[in-house]
Protein chains: 2
Amino acid sequence: MAVPHLTTALTGPLLDLEKRILAAMPEIEGWFRAQWQEHTPPFYGSVDLRNAGYKLAPVDMNLFPAGFNNLNPVFRPLAIQAAQVTVDHLCPGIANLLIVPENHTRNLYYLQNVATLRDTLRLAGLKVRVGSLLPEITAPTTIELPDGNSLTLEALVRRGRRLGLADFDPCMVLLNNDLSAGLPEMLQGIDQTIMPPPEAGWHSRRKSRHFAAYDTVAGFLAELIGVDPWVINPYWGVCRGVDFQARTGEECLAETVRQVLERTRTKYRELGIDQKPFVMVKADAGTYGMGVMSVKDPSEVVGLNRKQRNKMAVVKEGMAVSDVLVQEGVPTFETLKDAVAEPVVYMLDRFVIGGFYRVHTGRGDDENLNAPGMHFEPLAFETCCSEPDAAKKPDAPPNRFYAYGVISRLSLLAAAHEIEALMTERYAAPGAVAPESAAAEQPEPV
Amino acid sequence: MAVPHLTTALTGPLLDLEKRILAAMPEIEGWFRAQWQEHTPPFYGSVDLRNAGYKLAPVDMNLFPAGFNNLNPVFRPLAIQAAQVTVDHLCPGIANLLIVPENHTRNLYYLQNVATLRDTLRLAGLKVRVGSLLPEITAPTTIELPDGNSLTLEALVRRGRRLGLADFDPCMVLLNNDLSAGLPEMLQGIDQTIMPPPEAGWHSRRKSRHFAAYDTVAGFLAELIGVDPWVINPYWGVCRGVDFQARTGEECLAETVRQVLERTRTKYRELGIDQKPFVMVKADAGTYGMGVMSVKDPSEVVGLNRKQRNKMAVVKEGMAVSDVLVQEGVPTFETLKDAVAEPVVYMLDRFVIGGFYRVHTGRGDDENLNAPGMHFEPLAFETCCSEPDAAKKPDAPPNRFYAYGVISRLSLLAAAHEIEALMTERYAAPGAVAPESAAAEQPEPV
């Protein structure tokens, strides 16, 4: 199976980062252990990483991951074991679990993901069924899938404050639906544990909150391993109240782009990195790679043409964009069969359970790869992400994957902080002031 | 890689057992979850299984497993993840762990086992060093191993009630030494957690206690899945105060052999099994396959010749045998390249992490395979032991391995009961009366 290689021109600094990560492994793992005693890991998550040689950083963190069908099946036992650990806390005795998926009944690849997730949880010893929010699902509906598996969608039934199926009372509800369109009435006021909590859906979640929390945890880890936090953390800023169609907020965007480019340029100069800075402009609540553009100059976000405005103005479920994240672009220096590639790492509870490369033959190393035309290559680690080998060179695949696992778990930890904040409203509501940690580090222009 | 096949003549009943195990999976896993909340799993363990087609049962349970070097390295991430779960409970923050191995400095295969165990725990993020009980180890001594790895043995240092090395204060001590020769002074009155507890060493442990505890848990599981407990549990009896050299206790042995053979013969008749019953006569505190004989008739244990008496009278570390277990023989119907084979399943915390086949080209299906001339074949499960597939036939390898995992974990649960009893002295001391559960089911002839 394909193991990706790094373009060698810039491997020096990443080797340094990986050496430090390997050398500090007992400290890193001890620190994570302590953190997970204070903060409950999300049920699951996936992290998009960018490896620029001089920098290894998360650029997106998904709390409702699809794509379980793209994971290497050889490592499914890891996912099963992780699920068993999670379920220990959640359901005593026989565990009935209800998956509530997205409403895509025609996207068979998505449904393969749901079937894979269902099978994994069944193999962990749970009784698992799938309840659809779609009103047209009134009776069990079995869909045959391209990989030979099948998925039965059933009608959700609400009994007072309990959610289930006609003949199934789950102890917990697992959302594989990111709630972009808001929290359906069916899911409101439920007594059972819903994981991830509905508050973490895209109707209320903001990427900027995630990266504000990531600033904090990345600062701790960077200190622990003795590196500049920037080598694991992209700069960012946010603009609120943007209306692409009405052309409101262009000045804020241009100014934020300018600031992030300038800070990046300064850092490049400081570290002798010969790269042209760019930023990714993204809907702060967007997903599925919608509402994303790659920008090298502030002028590019002013006076967008109709096509660009249409692209940026709405995301999944036709939701209008109003908050916009401007994130330092981290070029990917990974290629797989001459196409640019970025790793996506999957976690269940606090454990790395696999990953794949998102590969795009038609895109550059400074572009969004989450776009039509992409495909997936399972991470082919002989030894998966938990097993570095100090006797091997730091860029040997198992070691590189350990570093990927550390950075992904760091993003997962940030998500745990983020969920706590969403649950307790400790941070300000979206549209109000920026989170403190972001405000301190990343002044938000208005 | 080799996947063992079953002799097909007698697959009927095992298929039935496996079908029941697969069908009851959520109940089995829910039951185990509840059990592990009441009973702490041993740090690690290995179980020797025998698969007779009509019966799948543990015949030995090791609390100080060697052989980690024989596990399939592809599944090491499972062991790492399991170790991380264990360490969560044991060591907060940075975890220093000290392994105390057996005193075999010339058995390089054993030392490869210690090195593999050390590496696995290091990869779980622990700082791991190895402290030897040997008085001749006064300075760090590095031994190069046949597989290219190396192992450094260091001198144990006692500071008051803490055990460590000159510059290493562990939060826990992991015994990979079964204490056949007794509990060394160095390990007495230690403040740190020692795992497994020294009380579980072979100086005080008795196989009969394990199988008494196994009678109880096997009874529960058999009821849960609706099978005769006998299909997962061998009959047994025990004789105390046997002295092979002085020919004391031969009558007890002969009578116990007669009873176990008779009960087995009755069960064979009841189930229509066309087999000649046999028993294994084993030192109740023995290990390493020493002090074991296969017997088909009570007369065989009376009037042993000098060679037989010498073989049975002493076990590891020259310890004299006084308690003798008589266990129903379970023939192995598994063969690997025409040699008889028995699976050995490894667990860490409550998780199956791998296994191998013990193979002996020179032994029959009714003999002890743990004998000079044996070799090991890693279990080659593409998907390891946690992943049955309901869509496949019950005898497809992943399903067979799931069943192996269930029975092995059942034996592990019995070991947890056994350790609790050893720690609290709830059961009678060895040499006194038989454990109650054994006494009820298995009258102990005197």
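None of the values given here were measured: they were computed from a predicted structure.

Caption draft 1: Representation of the overall build of chain A in the model. Helix and strand counts for chain A stand at nine helices and 19 strands. Considering only intrachain contacts with a sequence separation of at least 6, the fraction spanning at least 24 residues in chain A is 68%.

Caption draft 2: A look at the relation of the copies chain A and chain B. Structural alignment of chain A on chain B gives an RMSD of 0.0 Å, achieved by rotating through 180° and translating 0.0 Å along the axis. In short, the pair behaves as if placed about a two-fold rotation axis. Residue L78(A), judged by its C-alpha, is the member of chain A lying nearest the rotation axis, at 2.9 Å.

Caption draft 3: Representation of the packing of helix 3 (residues 76-90) of chain A against helix 3 (residues 76-90) of chain B in the model. Orientation of helix 3 of chain A relative to helix 3 of chain B, taken along the N-to-C sense of each, is 15°, at an axis distance of 9 Å. If you check the angle between helix 3 of chain A and helix 3 of chain B, you find them roughly parallel. You can see that helix 3 of chain A and helix 3 of chain B cross each other, and the crossing is right-handed. Residues P77(A), L78(A), Q81(A), A82(A) and V85(A) of helix 3 of chain A form the contact with helix 3 of chain B, whose participating residues are P77(B), L78(B), Q81(B), A82(B) and V85(B). Grouping the amino acids of the contact of helix 3 of chain A with helix 3 of chain B by side-chain chemistry returns eight nonpolar, two polar and no charged.

Caption draft 4: Local environment of the interface of chain A and chain B. Chain A puts 33 residues into the contact, and the matching count from chain B is 33 residues. Only helix 2 (25-38) and helix 3 of chain A provide two or more residues apiece to the side of chain A that touches chain B.

Caption draft 5: The arrangement of unusual backbone geometry in detail. Here M195(A) and P196(A) are connected by a cis peptide whose omega angle stands at -20°. Within the secondary structure, P196(A) sits in the loop between strand 11 (193-195) and helix 5 (207-225). Residue L179(B) is not a glycine yet carries a positive backbone phi of 55°. Checked against the element boundaries, L179(B) lands in the loop between strand 10 (172-176) and strand 11 (193-195). The backbone of D349(B) sits at a positive phi, close to 55°, despite the residue not being glycine. Inspection of the secondary structure assignment puts D349(B) in the loop between strand 17 (339-348) and strand 18 (351-360). For D349(B), a count of 25 C-beta atoms within 10 Å gives the class buried.

Caption draft 6: Focus on the sheet that holds strand 6 (residues 141-144) of chain A. All names here are of chain A. Strand order in the open sheet made by the six strands is 6-7-5-4-10-11, with mixed pairing throughout. Each edge of the sheet is formed by a strand with only one pairing partner; in this case those strands are strand 6 and strand 11. Adjacent strand axes in the sheet meet at a mean angle of 35° when their direction is disregarded. By the bridge criterion, four bridges tie strand 4 (residues 96-101) to strand 5 (residues 127-132) in an arrangement that is parallel. Paired with L97 across the strands is V128, a residue of strand 5.

Caption draft 7: The sheet that holds strand 6 (residues 141-144) of chain B, seen in detail. Residues and elements named next belong to chain B. With mixed pairing, six strands are arranged side by side in an open sheet as 6-7-5-4-10-11. Sheet topology places strand 6 and strand 11 at the edges, where each strand pairs with a single neighbour. Across the sheet, the mean angle separating the axes of adjacent strands is 35° when strand polarity is ignored. For strand 4 (residues 96-101) and strand 10, the ladder comprises five bridges, and the chain directions are parallel. Paired with L98 across the two strands is V173, which belongs to strand 10.

Caption draft 8: How the structure looks around the pairing of strand 15 (residues 324-328) of chain B. Residues and elements named next belong to chain B. Most of strand 15 sits inside the fold, with five of its five residues counted as buried. On strand 15, burial covers both faces: V324, V326 and E328 on one face and L325 and Q327 on the other are all buried. Bridge analysis of strand 12 (residues 236-239) against strand 15 gives four bridges, and the strand direction is antiparallel. Note that in strand 15 the partner of V238 across the bridge is L325.

Caption draft 9: Representation of the pairing of strand 10 of chain B within the structure. All names here are of chain B. Most of strand 10 sits inside the fold, with four of its five residues counted as buried. Summarising the sheet, strand 10 and strand 11 pair through three bridges and their orientation is parallel. Bridge pairing in strand 11 links V173 to I194.

Caption draft 10: Seen up close, the environment of P58(A). Tracing the backbone shows P58(A) in strand 3 (residues 56-62). Under the C-beta neighbour-count criterion, P58(A) is labelled buried, with 26 such atoms within 10 Å.

Caption draft 11: Expanded view of the environment of E27(A). Mapped onto the elements, E27(A) comes out in helix 2. Assessed through the 16 C-beta atoms surrounding it within 10 Å, E27(A) is described here as partly exposed. Taking C-alpha positions, E27(A) is 8.4 Å from I225(A), a pair spaced 198 residues apart along the chain. Leave out the neighbours within four places in its chain, and E27(A) touches L224(A) and I94(B).

Caption draft 12: Up close: the environment of R350(A). Residue and element names in this part refer to chain A. Along the chain, the position of R350 falls in the loop between strand 17 (339-348) and strand 18 (351-360). According to the C-beta neighbour criterion, R350 is buried, with 24 such atoms within 10 Å. Taking the C-alpha atoms as reference points, R350 and P146, 204 residues apart in sequence, are found 31 Å from one another. Those residues in contact with R350 that lie beyond four places of it in its chain are W36, P41 and R409.

Caption draft 13: Structural view of the packing of helix 3 of chain A against helix 4 (residues 108-123) of chain A. Residues and elements named next belong to chain A. At a closest axis distance of 8 Å, the pairing of helix 3 and helix 4 adopts a crossing angle of 65°. Where helix 3 crosses over helix 4, the two elements pack in a sense that is right-handed. Across the interface between the two elements, R76, A79, I80 and A83 of helix 3 pack against T120, L121 and L123 of helix 4. Class assignment of the residues belonging to the contact of helix 3 with helix 4 gives a composition of five nonpolar, one polar and one charged.

Caption draft 14: A look at helix 6 (residues 250-271) of chain A. Residues and elements named next belong to chain A. Under the 1.5 Å per step criterion, the end-to-end length of helix 6 is 31 Å for 22 residues, consistent within 8% with the ideal 32 Å. Residues of helix 6 that are buried include every one of C252, L253, A254, T256, V257, V260, L261 and T264, and no others. Among the structural elements, strand 12 (236-239), strand 13 (279-283), strand 14 (292-295) and strand 15 (324-328) are those in contact with the buried residues of helix 6.

Caption draft 15: Representation of the confidence of the model for chain A. Residue and element names in this part refer to chain A. In the predicted model, chain A carries a mean pLDDT of 85, and the fraction of residues at 70 or more is 85%. Note that pLDDT drops below 50 for residues 1-12; the model gives that stretch 24 contacts with residues more than four away or on any other chain. This stretch, residues 380-384, has a pLDDT under 50; its non-local contacts, to residues over four places away or in other chains, come to 15 contacts.

Cut-offs and rules
Residues numbered from 1 in each chain as written. Chains lettered and ligands numbered in written order. Predicted model: local features only at pLDDT ≥ 70, side-chain atom pairs only at ≥ 80, totals over all residues. Helix = DSSP H or I, 4+ residues; strand = E, 2+ residues; numbered from the N terminus. Contact = placed C-beta atoms within 7 Å. Least-squares fit on C-alpha atoms with pLDDT ≥ 70 in both. Axes fitted to C-alpha atoms, helices over the stretch in contact; angles between N-to-C directions. Parallel < 35°, antiparallel > 145°, perpendicular 65-115°, else oblique. Left-handed = near helix turned anticlockwise from the far one by under 90°. Nonpolar A, V, L, I, M, F, W, Y, C, P; charged D, E, K, R; others polar. Buried ≥ 20, exposed ≤ 12 C-beta atoms within 10 Å, placed from the backbone. Pairing = 2+ DSSP bridges. Expected span 1.5 Å × (residues − 1). pLDDT = per-residue confidence, 0-100.

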